[in-house]
Every structure is written in structure tokens, then in C-alpha cells.
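Tertiary structure, described
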Amino acid sequence: MTSKKIIIVEDERPARDLLKTYLEAFPEMEVIGEYDNGFDGLKAINELKPDAIFLDVQMPKLTGFELLEVLEHQPEVIFTTAYDQFAIRAFERNAVDYLLKPFSKERFKEAMVKLNARLETKEGSAKGESGIEKIRQHFAESDEMLHRVVIKKSGKIHVISTGDINFLEAQDDYVMIYTDEGKYLKQQTMKYFEQHLDNQQFVRVHRSYIANITCIERIEPYEKSNFVLILKDGNKVPVSRNGMQVLKENLDF
Amino acid sequence: MSHPITGNRRSILIYSLVWLMVAATQGILYLYVFNFSIPVVVTDALFSSLLFGFMGLLAWYPTRYIPFHRQSPFYSISAHVVAGVVVMGSWVLLSIGMLNAIFSTQVEYIEFLNQTVAWRAMLGGLIYLVLVLIYYLVSNNQKLQERSQQEERLKGMVRDAELNMLKSQINPHFLFNSLNSISSLTMSNPDEAREMIIRLSDFLRYSLKHRENEYVPLGEELGRMKDYLAIEKVRFGEKLLYEFEVDKACEEFPVPTMIFQPLFENAIRHSVYESVDPVSIKFSCVPDDWHMKAVISNDFDPAIPIRKGTGVGLQNVRQRIALAYKENGTVQWSGNDGVFSVTILFPRIFI
């Protein structure tokens, strides 16, 4: 039996120690790295390509979910979490398993049995389907609020607070996100952002545009019966007739 | 407070109908008992009853601006007498004068009119008095309603504050992660595990006390906050540094229980939870002539996007301080140069 490579991403040392101690009972599992934040974890996973990862949800810099969103290599995932209703629902169907802290040795063993089963079927088939895609999908279909957006740009990871977004523009299969610091391309749909951004602040003003209403400088008429938003950063955003209706309701004019 | 009659359409309608009926009764009386001609009857009814109806509306204003409970009864009564004499006097002079001028040729009517002046004035005075009483009734009723509405609002605010307080007590993340750390320590370091269990128990016991909404010496409150920080220190190790600088004079000063908990929790959440570098949390308390000044500060990385839900803890603390000390206590916060700090001023004399 070849040994399986494991990476632990967890910000608390005692929690990492516990996992390593429990893992001692499974000699075929080899811990090739442990990281105390999402950033370093992400880099290591992409480089070292482990078979499975233990992933905490709440972590500095990048949460477990945000990490999955930009991960290239797709290992099997066992989540470890303390208390997170949404996360639990997401894991129930899609992760190999999730461990609610604190967890017993027996519970850990169960998770390892599931993991081994998943790894074996993966070896058998040419390319096993990972649960990660499903977890991403689960979030896309939920009504969970988005507070930050994680973007990969020229090899670097950027974490943008949604409040810093001035507006979004549809570009085929991508969405261009405009902030004061620059623009970022994200593979995602407009519907996704419309659904997960705070609709008190972000309004779909056009089929291809979502605007942050706190960034509007003024609204000007544009050609026939159309309007255009002039944003504080000087950018112009077209407004459709429907968009104008929604804007009127939001801004109360 | 708006005028109880002109303030809404329905009262205007009812009031007008009442006076139209009074005018009609007067008219019928004059027509069939005293046998005056129709123009005389209609004009008299118009000038006495309907004019009175209009003047009666004015009686509201003295009622509105002479509140009985705030002035001496003598002052209020004389003010009402003066107002009443002015209103009724104008009414009598206006109606009698006009009727006299219009029907100066009808001797019989003029004679009748002048004989009834005293009666009219008396009857007018009586009705005026009744109107004033009704107005008082209405305005008191309105005030009562407003007061009970305000009370409801206040009660709601207090309830919300209390509810938020309870909610903010212990973060489940903290609790379960601490238990997980203990679970880990039982294998690697049982002594430390036991210490941590004791700390966690002390802290939880203290947080339950919080429901009673009582005051404790600052020293005790800080003791439990140190338990809290020590537990977090086990989880985060060297990443968390903290120091306390408390003036001796502050130790015994009574503070609301758990008042600092949301602030320490915030400090940890926005610094330690979000950072990979060591962060330090500082607490200081110094007295001045009027206040105890407590300051909690922590490092934070301004580059890290702030998660939503921030500010609930701070608002809670501000609300509790306002409930406890009214305007004598203040909570202020500021964040610049990578240091976030919250300052609470407790009034030294407050009971």
C-alpha cells in the first residue's frame, strides 16, 4: 500500500497536535505539512498536491471556503469546524466528512474509513470526482451572504472586501470586479453576485452591470430613454429601464 | 398636539353637524314661538349659533397652552377667565352688533334681541365652559396615549438591549474550540488541560452571573477576562500577547459584569483570528477627578478586509453603559495607525 499524503490547515496548534496524534494510528497516512493560515495552506496544497487535507473553516487571511474557491489541485477534504451551521450543511453531502470539534478517536476513525474508501475509488477510476466542486455549487445555490471575494491574479491571491467593490461587469464566462485599487477578473456568473451580495448596497442596474449604490456620484440621462451612472471613481455604468426602476426603489426617488 | 376637532375630517363633520342642529333648533324656536320672519331667523341663527361654533374652536388654544398641572390653579383659572371673557365678549359684541345693524328697522326684533343679550352671554359662557372641559379631556387622553406608546417603545429598547447582551455573551466558536484544545492537551499535557478546564469553568460561571445584571469590582471582572485571554493564549500561543496596567484605585471600582467581554472578544476576533503575526492587546485603567478611564487597544492589520457583523459588540457596550449611567458614562472608539482602541469613561459617583 502506498502512503497517502496529508496536509493539515488549521490555525490552532493544539488542534493540529490532536490531529497528528490521532493520525499516528494510521501509518499509511503521512503528514507532509501543516499550516496555520489559509494563504500558506493554499500555496502548499497547490505545490505538494496531497491526497487529502484536513481543513479548518475559520482561519486568518483566507477561510476554508475561500481556500477551496481558488484551489487548483483538488484533494479529498475533511473539514474540522467548531460551530458553523452553514458549513455543516455544505459538508453533509459533499465533503468526505466533517469533524465537529471536539471529536473522539472513534469518530476520527470513521472519517478515515470514509477517506480511504474515497481514495481507493479515485485510484480505480481515471479521474474521480472531487467533492470540492459540489461544495462550491452548494454555496452558489444557497442564500449565504458574501463578505469577501477571493481572486487569483497573475499568480497572486487577492482578498477583496465586498464593501470595496465599486461595480461589476459581465464579460462572457467571467465577471470583472472594479475597485479603487484596480480591476479583477473572476470566473463566476452575474447571477451569483446578484444573489450573494448585500442587495441593500448592490443593485443590478443592467443585464451586464451591478453597481455599488454608495459609489454613485450622480445619474445622468443617456441617449433616448436611458440613463448612465457616474461613479465617484469617474467610471460610467449604463442603466437599463428595469435597472432604473430598481434603483428608484433602493434610493427612494 | 393637533387641534382635536380641526385635526381630522370626521370631527369637523360631527362638530359642524352639532352646531347646524343647534342653529336649526334655535331657528324653529324663533319661527314658531316668537313668529319672526325667515330672513331674521336665518341671520340670527347664523350669527349666534354658527359664529359661536366657530369661536368655540378657539377655546382649544387656552386649554392647550394653560396646562393645569404645571401652573397654580389660581393662575390657570384666571387665565381661562380672561380668555373666556375675550372670546365670549367678542362673540356677543360681534353677533349683537351685526344683527342690530342689519335689522335696525325691525323694532320688535331689536327689542327682543337687546333683552336677551344677558341670557345669550350666560348660555354662551356655559357652553364655552363645557367645551373647555371637553378639550381638557381630549388632550389628557391624547397625552396618556402618547405616554403609554413611549413607554412601550422604551420597554422594547430595553428588551432589545438585554437580548443582545445575552446573545453576545459567549461565542460558540470560542467554546467549542477551547474544548477541542483541552481535548488535545489531555494527551500532551494533562496538567495544562486541567488548568484550562478550571479557567473555562470560572469564566462560564462568571458569564452566567451576567444575567443578573449586577455590578462587580473591576478587579474581579478583569480576573475573569484574564481567564478568557489565558484560554485564547493556549489556542493561539505566541501569536497572542496581552498586558494589563490597572491603577490600584480602580481595583475596587464597581463595573457592570461582563462589560469588557465583548471588547476583549472583538480585540481577539479582529486581531488574533485574522493575523499570522503576533498581536498585542493592552488594557489600562486610571482614575481622574470624575471618572475611571478604561482603555482597551489591540493591533490590527488595516489591509485585511473587515468581516461584516462588526460593531454589534461595541453598540452593545455603549447601550449598556447608557442604561447604567445615563449621559454620565461614555464609550468611544477609534482605529488608526494599525491600533484600534476603545475608551470607556465610568462616572465615579453614580448611585
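Here the structure is a predicted model, which means the values were calculated and not measured.

1. As for the overall build of chain B
Looking only at helices and strands, chain B features 11 helices and 7 strands. Counting over 351 residues, chain B shows a buried share of 27%. Considering only contacts within chain B whose residues lie at least 6 apart along the sequence, 72% involve residues at least 24 apart.

2. Side note on the overall build of chain A
Along the backbone of chain A there are 8 helices and 15 strands. Burial statistics for chain A: of 253 residues in total, 39% are counted as buried.

3. Topic: the interface of chain A and chain B
Between chain A and chain B, the residue contacts involve 21 residues of the former and 24 residues of the latter. At the level of elements, helix 1 (13-23) and strand 7 (156-161) of chain A are the ones that each hand at least two residues to the side of chain A that touches chain B. Considering each element in turn, the side of chain A that touches chain B owes the most residues, 6 residues, to helix 1 of chain A. Class assignment of the residues belonging to the side of chain A that touches chain B gives a composition of 9 nonpolar, 5 polar and 7 charged.

4. Here's the deal with the sheet that holds strand 2 (residues 240-246) of chain B
Two orientations exist for strands paired in a sheet by backbone hydrogen bonds: parallel and antiparallel. Residues and elements named next belong to chain B. Taken in spatial order, the 5 strands make up an open sheet running 2-4-5-7-6, and their pairing is mixed. Of all the strands in the sheet, the pair left with one neighbour each is strand 2 and strand 6 (330-336). Adjacent strand axes in the sheet meet at a mean angle of 10 degrees when their direction is disregarded. Sheet topology places strand 4 (residues 279-287) next to strand 5 (residues 291-299); 7 bridges connect them, and they run antiparallel. Paired with I281 across the two strands is N298, which belongs to strand 5.

5. With respect to the environment of R224 of chain B
All names here are of chain B. Relative to the helices and strands, R224 is located in helix 9 (residues 218-236). Judged by the 22 C-beta atoms lying within 10 Å of it, R224 is buried. Taking the C-alpha atoms as reference, R224 lies 5.6 Å from F203; in sequence the two are 21 residues apart. Not counting the four nearest positions on each side in its chain, R224 is found in contact with D202, F203 and Y206.

6. Here's the deal with unusual backbone geometry
All names here are of chain A. Of the consecutive residues K101 and P102, the connecting peptide bond is found in the cis state with omega at -10 degrees. Position of P102 among the secondary structure elements: in the loop between strand 5 (97-100) and helix 5 (105-124). Within the chain, S154 stands out as a residue other than glycine whose phi angle is a positive 40 degrees. Within the secondary structure, S154 is located in the loop between strand 6 (148-153) and strand 7.

7. Details of the packing of helix 9 of chain B against helix 10 (residues 261-272) of chain B
Residue and element names in this part refer to chain B. Between helix 9 and helix 10, the shortest axis-to-axis distance is 10 Å and the interhelical angle comes to 20 degrees. Between helix 9 and helix 10, the angle falls in the class roughly parallel. Every pair of crossing elements has a handedness; the one defined by helix 9 and helix 10 is right-handed. For the pair formed by helix 9 and helix 10, the contact residues are M225, Y228, L229, E232 and F236 on the first element and Q261, F264, I268 and V272 on the second. Grouping the amino acids of the contact of helix 9 with helix 10 by side-chain chemistry returns 7 nonpolar, 1 polar and 1 charged.

8. Section: the nonpolar core
Residue and element names in this part refer to chain A. Ranked by size, the top nonpolar core spans 57 residues in total, and within it I53, I78, F79, A95, I210 and A211 carry the most contacts. Residue-level mapping places this core at the junction of two domains, with at least three residues from each of domain 1 (4-138) and domain 2 (146-251). In this structure, I78 is in contact with A52, F54, A95, V96, D97, Y98, L99, A111 and L115, ignoring residues within four places of it in sequence.

9. With respect to helix 8 (residues 190-209) of chain B
All names here are of chain B. Compared with an ideal rise of 1.5 Å per residue, which puts 20 residues at 28 Å, helix 8 spans 29 Å between its outermost C-alpha atoms and is within 8% of the ideal. Regarding helix 8, the residues found buried are M196, R199, L200, F203 and Y206. Down the axis, helix 8 shows its buried residues gathered within 130 degrees of arc, on one side only. Of the exposed residues in helix 8, the ones pointing more than 90 degrees away from its buried face are P190, D191, I198, S201, R205 and L208.

10. A short note on the confidence of the model for chain A
Model confidence for chain A is summarised by a mean pLDDT of 87, while 94% of its residues fall at 70 or above. The least confident element of chain A, judged by mean pLDDT, is helix 4 (residues 85-94) of chain A at 68; the most confident is strand 1 (residues 4-9) of chain A at 96.

11. Focus: the confidence of the model for chain B
Residues and elements named next belong to chain B. When pLDDT is averaged across chain B, the result is 85; 91% of the residues are at 70 or more. Confidence, expressed as mean pLDDT per element, reaches its minimum in chain B at helix 3 (residues 60-65) with 79 and its maximum at strand 2 with 95. Here the complex is predicted with pTM 0.66, and the ipTM for its interfaces comes to 0.77.

12. Side note on the environment of A267 of chain B
All names here are of chain B. Inspection of the secondary structure assignment puts A267 in helix 10. Residue A267 is classed as buried on the basis of its C-beta count, with 29 C-beta atoms lying within 10 Å. In this structure the C-alpha to C-alpha distance between A267 and S341, which are 74 residues apart in sequence, comes to 8.9 Å. A267 has contacts with I281, I296 and N298, leaving out every residue within four places of it along the chain.

13. Some details on the environment of C285 of chain B
Residue and element names in this part refer to chain B. Examined against the element boundaries, C285 turns out to sit in strand 4. Classification of C285 as buried rests on a count of 23 C-beta atoms within 10 Å. Once the C-alpha coordinates of C285 and D247 are considered, the two residues, 38 residues apart in sequence, prove to be 6.0 Å apart.

14. Some details on the sheet that holds strand 4 (residues 76-81) of chain A
Residues and elements named next belong to chain A. As summarised here, the arrangement of the 5 strands in space is 2-1-3-4-5, forming an open sheet in which the pairing is parallel. Every interior strand has two partners, whereas the edge strands, strand 2 (29-35) and strand 5, have only one. Direction aside, neighbouring strands of the sheet carry axes that sit 20 degrees apart on average. Two elements, strand 4 and strand 5, share 4 bridges in a ladder whose sense is parallel. Note that in strand 5 the partner of F79 across the bridge is Y98. The sheet strands contacting helix 2 (residues 38-48) are strand 1, strand 2 and strand 3 (52-56), and the helix crosses strand 1 at an angle near 165 degrees.

15. Notes on the packing of helix 2 (residues 38-58) of chain B against helix 4 (residues 73-102) of chain B
All names here are of chain B. The interhelical angle for the contact between helix 2 and helix 4, taken along N-to-C directions, is 160 degrees, at an axis separation of 10 Å. Taken as axis vectors, helix 2 and helix 4 run roughly antiparallel relative to one another. In the packing of helix 2 onto helix 4, the handedness of the crossing is right-handed. Taken together, the residues of helix 4 that come into contact with helix 2 (itself represented by T43, D44, F47, S48, L51, F52, M55 and L58) are V87, W91, L94, S95, M98, L99 and I102. In terms of residue class, the contact of helix 2 with helix 4 is built from 11 nonpolar, 3 polar and 1 charged.

Reading guide: rules and limits
Residues numbered from 1 in each chain as written. Chains lettered and ligands numbered in written order. Predicted model: local features only at pLDDT ≥ 70, side-chain atom pairs only at ≥ 80, totals over all residues. Helix = DSSP H or I, 4+ residues; strand = E, 2+ residues; numbered from the N terminus. Buried ≥ 20, exposed ≤ 12 C-beta atoms within 10 Å, placed from the backbone. Contact = placed C-beta atoms within 7 Å. Nonpolar A, V, L, I, M, F, W, Y, C, P; charged D, E, K, R; others polar. Pairing = 2+ DSSP bridges. Axes fitted to C-alpha atoms, helices over the stretch in contact; angles between N-to-C directions. Parallel < 35°, antiparallel > 145°, perpendicular 65-115°, else oblique. Left-handed = near helix turned anticlockwise from the far one by under 90°. Core = buried A, V, L, I, M, F, W, Y, C linked by C-beta atoms within 7 Å. Domains from an automatic or database assignment. Expected span 1.5 Å × (residues − 1). Arc of directions from axis to C-beta. pLDDT = per-residue confidence, 0-100.

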